[in-house]
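# Commentary on secondary and tertiary structure
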Amino acid sequence: MSNARPGAPGATRACPHCREVILESAGICPACRKFLRFDEASADEVPVAALTPLSIEGSIRHPADGEPWEYTVVVSIRNDRGEETARKLIGVGALSANEQRTFTLSVEMVDASDKSSPRRH
Ligand SMILES: [Zn+2]
């Protein structure tokens with residue numbers, strides 16, 4: 001979780017729907033995809049288009065003659081000094097013969113200076 005103070009770039013809060021830690025500036029929860037803002041000031045706001053400077057997708061198909069294997073999906077974030085600042089277990093499961101899973105990682109970014117007015121809570 002970020003230590004940024006409320007209103008600063010990187011400030012976080014808990015989604016009221018799913019309790020995931022998300023950006024305070026988010027209008028839609030990236031985890032549960034529910035809308036977050038109801039105040040009048042944001043009703044007129046045009047959603048800021050997010051850039052996706054990193055997006056990776058890959059699939060694994062287990063061989064047709066393979067015994068079941070288990071998988072673990074972990075995502076981590078490191079800062080420019082190589083220190084891990086976040087590490088999250090995303091999911092676990094198993095693949096039986098000829099089953100496939102597709103894994104997608106995307107990093108969305110928005111201009112943090114693009115806030116038209118300071119938000120109040
Ligand atoms: Zn949510």
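Here's a quick rundown of the structure. (Residues numbered from 1 in each chain as written. Predicted model: local features only at pLDDT ≥ 70, side-chain atom pairs only at ≥ 80, totals over all residues. Heavy atoms only, no water.)

### Overview of the coordination of the zinc ion
On the protein side, the zinc ion has Cys15 (SG), Cys18 (SG), Cys29 (SG) and Cys32 (SG) as donor atoms, found 2.3 to 2.4 Å from it. Around the zinc ion sit 4 donor atoms; with metal-centred angles ranging over 104 to 115°, the donor geometry is tetrahedral. On the primary sequence, the residues serving as donors to the zinc ion are separated as C-x2-C-x10-C-x2-C. Relative accessible area serves as the criterion here: at 29%, cysteine 18 is assigned to the partly exposed category. (Donors = N, O, S within 2.8 Å, 3.2 Å for Na, K, Ca; no water. Tetrahedral: all angles 85-135°; square planar, octahedral: opposite > 155°, others 65-115°. Buried < 20%, exposed > 50% of the residue type's maximum accessible area, 1.4 Å probe, protein only.)

### So, the nonpolar core
Counting 5 residues, the largest nonpolar core is built from Cys15, Ile22, Ala26, Cys29 and Leu36. Setting aside residues up to four positions removed in sequence, isoleucine 22 forms contacts with Ala11, Thr12, Arg13, Cys15, Cys29, Pro30 and Leu36. (Core = buried A, V, L, I, M, F, W, Y, C linked by side-chain atoms within 4.5 Å. Contact = heavy atoms within 4.5 Å.)

### Observations regarding the side chain of histidine 62
Tracing the sequence through the fold places histidine 62 in the loop between strand S3 (51–61) and strand S4 (69–78). Here glutamate 67 takes part through its backbone oxygen, which lies 2.5 Å from a polar atom of the side chain of histidine 62. (Helix = DSSP H or I, 4+ residues; strand = E, 2+ residues; numbered from the N terminus. Polar contact = N/O pair within 3.5 Å; in protein donor to acceptor, adjacent residues only side chain to side chain.)

Bear in mind that shape data such as this cannot, by itself, settle questions of function.
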